[in-house]
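One-letter residues, chain by chain:
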Amino acid sequence: MEQLRCENLTLGYENGAILKNLSFSVKEGDYLAIVGENGSGKSTLMKTVLGLMKPLAGKIERGEGLNRWDIGYLPQQTIVQRDFPASVWEVVLSGTLSGEKFHPFYTRSDRKTASENIEKMGLEALKNRSYRELSGGQQQRVLLARALCATRKIILLDEPVTGLDPKVTLEMYELIQSLNKEGVTIIMISHDVTAAVRYANKILHIGGHVFFGSVKEYLASAEGKLFTAKEARK
């Protein structure tokens, strides 16, 4: 079942378009990696899918029963966000306050959801720690737990391993993969094409040329062959 369908999107700002005539779809259980050069419009596309920006042209259709607040989001962190003065529990719990579920007080169900996702991310021992005191990898797990409090349908991740060491990067990728195997649809922006073709089942390559299809099709495409040639030269 399709959860998202984007048709003939033109993305950008009032002073000009960044992407034109972009079409792709996401089915339930997909793991879509969005790759491309810096400045190609990956983050703009993510903001548009989230409803934070409107497309200049084209349309985004959500599948039956999927609302905007059914899409969880793990953003690329800024320095200010990394220094956020709240506990792990407070950050994760805040993920339950989204969309139609917004209410001024946390319910028993909200607290149960937060506890379950803290446990799922292996954060029980850090529950009362300040978020700003955590390592980069721990902070990313906290934000992933927060996103899961908002939804178990689709999670959007914007460069989730930026700044992490190789060991923690691998742990993060495996954690995301495990969520996908449990049925959570993953849409991930990544500059790491090697990881994209290893973990994802679909690739959206944007930039000078647009490609959308399976990993096998991507590796056989002009864009994919250029990637494999670059890897071979390393």
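Before reading further, recall that the structure is shown in the block above.
Criteria and thresholds
- The numbering scheme is per chain: residues are counted from 1 as the chain's sequence reads.
- Given that this is a predicted model, residues contribute local features only at a pLDDT of at least 70 and side-chain atom pairs are listed and counted only at 80 or more, while totals for whole chains, interfaces and linings are drawn from all residues.
- Side-chain numbers come from the whole structure's heavy atoms, not from hydrogens or water.
- Only buried residues count toward a nonpolar core, which is a set of Ala, Val, Leu, Ile, Met, Phe, Trp, Tyr and Cys residues joined through side-chain atoms within 4.5 Å.
- Burial classes follow relative accessibility: with a 1.4 Å probe on protein chains only, a residue under 20% of its type's maximum area counts as buried, one over 50% as exposed, and anything between as partly exposed.
- For the purposes of this entry, the term helix denotes a DSSP run of H or I that reaches at least four residues, the term strand denotes a run of E that reaches at least two, and both are numbered from the N terminus.
- Whether two residues are in contact is decided by their heavy atoms, any of which lying within 4.5 Å being enough.
- Classification of ring pairs uses Phe, Tyr and Trp, with its six-membered ring standing for Trp, and accepts pairs whose centres are within 6.5 Å; under 30 degrees between planes counts as stacked, over 60 as edge-to-face, and the remaining range as tilted.
- Geometry is summarised by axes, namely lines fitted to C-alpha atoms with helices restricted to the contacting stretch, and by angles between N-to-C directions that run from 0 to 180 degrees.
- Note that the term roughly parallel is reserved for angles under 35 degrees, roughly antiparallel for angles over 145, roughly perpendicular for angles of 65 to 115, and oblique for everything else.
- Here a crossing is taken to be left-handed if its near helix is turned anticlockwise relative to the far helix by less than a right angle, and right-handed if that turn runs clockwise.
- The nonpolar class holds Ala, Val, Leu, Ile, Met, Phe, Trp, Tyr, Cys and Pro. Asp, Glu, Lys and Arg form the charged class, and all remaining residues, Gly among them, are polar.

Draft legend 1. Highlighting the nonpolar core. One finds Leu144 and Ile203 to be the most contacted residues of the largest nonpolar core, which totals 47 residues. Here the element with the most residues in this core is helix H5 (residues 136–150); it accounts for 7 residues. Residue contacts for Ile203: discarding those within four places in its chain leaves Leu32, Ala33, Val35, Ala196, Val197, Phe211, Phe212, Gly213, Val215 and Tyr218.

Draft legend 2. Spotlight on the packing of aromatic side chains. Evaluated as defined, the whole model comprises 3 aromatic pairs. On the basis of an interplanar angle of 25° and a centroid distance of 5.2 Å, the ring pair of Tyr173 and Tyr199 is categorised as stacked. Taken together, the residues span a long stretch of sequence, with Tyr173 in helix H6 (residues 166–181) and Tyr199 in helix H7 (residues 193–199) at a distance of 26 residues. Judged by centre distance (5.4 Å) and plane angle (50°), the ring pair of Phe211 and Tyr218 falls under tilted. For the pair Phe211 and Tyr218, a shared accessibility class is recorded, and that class is buried.

Draft legend 3. Region of the structure containing unusual backbone geometry. Positioned with a positive phi, Asn8 is a non-glycine residue whose angle comes to about 50°. Mapped onto the secondary structure, Asn8 falls in strand S1 (residues 2–13). Residue classification places Asn8 among the partly exposed positions, given a relative accessible area of 46%.

Draft legend 4. Spatial organisation of the packing of helix H4 (residues 108–120) against H5. Running from amino to carboxyl end, H4 crosses H5 at an angle of 140°, the nearest separation of the two axes being 9 Å. Between H4 and H5, the crossing angle belongs to the class labelled oblique. Classified by chirality, the crossing of H5 by H4 is right-handed. Contact residues: Thr113, Ala114, Asn117, Ile118 and Lys120 in H4; Ala145, Leu148 and Cys149 in H5. Looking at the contact of H4 with H5 residue by residue, the classes come out as 5 nonpolar, 2 polar and 1 charged.

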